[in-house]
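Below are the chains, spelled out letter by letter.
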Amino acid sequence: MGKFRIKVDLGLCQGHSVCLAEAPELFRVVDTDMAYPQAQVIQENPAPELLSKAEGAAEYCPNGAITIVYEDD
Ligand code: SF4
């Protein structure tokens, strides 16, 4: 398994916290002064073992806000 990064489009994120439920190792959801809480990625370079959890978060995010960037090394 290779390296990857996670990107969250905060313009799409509405704080549903599905990502947090799927992968608490990778996301937190914080209150903001906007209408919604927003997700933050808490690991810049996640261990490859967490890829399936990251993919689950991307798949189940109701707003399609999460992108997995696969990196060759
Ligand atoms: S599941 Fe999607 S919309 Fe919800 S907090 Fe996570 S990134 Fe944002």
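Residues numbered from 1 in each chain as written. Predicted model: local features only at pLDDT ≥ 70, side-chain atom pairs only at ≥ 80, totals over all residues.

What follows deals with the overall build of the protein chain. On a plain count of helices and strands, the protein chain comes out with two helices and four strands. Against the compact-globule benchmark of 11 Å for 73 residues, the protein chain has a radius of gyration of 12 Å, which places it among compact chains. Across its three principal axes, the protein chain shows a C-alpha extent of roughly 40 × 20 × 20 Å. Burial status across the protein chain gives 22% buried among its 73 residues. A separation of at least 24 residues holds for 63% of the contacts in the protein chain among residues at least 6 apart in sequence. (Helix = DSSP H or I, 4+ residues; strand = E, 2+ residues; numbered from the N terminus. Rg over C-alpha atoms; globule rule 2.2 N^0.38 Å. Buried ≥ 20, exposed ≤ 12 C-beta atoms within 10 Å, placed from the backbone. Contact = placed C-beta atoms within 7 Å.)

Further remarks concern the nonpolar core. By size, the foremost hydrophobic cluster in this structure holds 14 residues, and its most contacted members are Cys19, Ala57 and Ile66. Only strand 1 (3–8), helix 1 (18–22) and helix 2 (51–60) provide two or more residues apiece to this core. Once residues lying within four places of it in the same chain are set aside, the contact partners of Ala57 are Val18, Cys19, Glu22, Ala23, Leu26, Phe27 and Ile66. (Core = buried A, V, L, I, M, F, W, Y, C linked by C-beta atoms within 7 Å.)

Near the ligand lie 14 residues; those nearest to it are Cys13, His16, Val18, Cys19 and Cys61. Grouping the amino acids of the shell around the ligand by side-chain chemistry returns nine nonpolar, five polar and no charged. (Near = placed C-beta within 6 Å. Nonpolar A, V, L, I, M, F, W, Y, C, P; charged D, E, K, R; others polar.)

So, on to the environment of Ile68. With respect to the element layout, Ile68 can be found in strand 4 (residues 66–71). You can call Ile68 partly exposed: it has 16 C-beta atoms within 10 Å. In this structure, the C-alpha to C-alpha distance between Ile68 and Thr32, residues 36 residues apart in sequence, is 24 Å. Ile68 has contacts with Phe4, Ile6, Ala54, Glu55 and Ala58, leaving out every residue within four places of it along the chain.

Bringing the environment of Glu71 into the picture now. In this fold, Glu71 is placed in strand 4. With 10 C-beta atoms packed within 10 Å, Glu71 lands in the exposed category. If sequence neighbours within four positions are ignored, Glu71 has contacts with Gly2, Lys3, Phe4 and Arg5.

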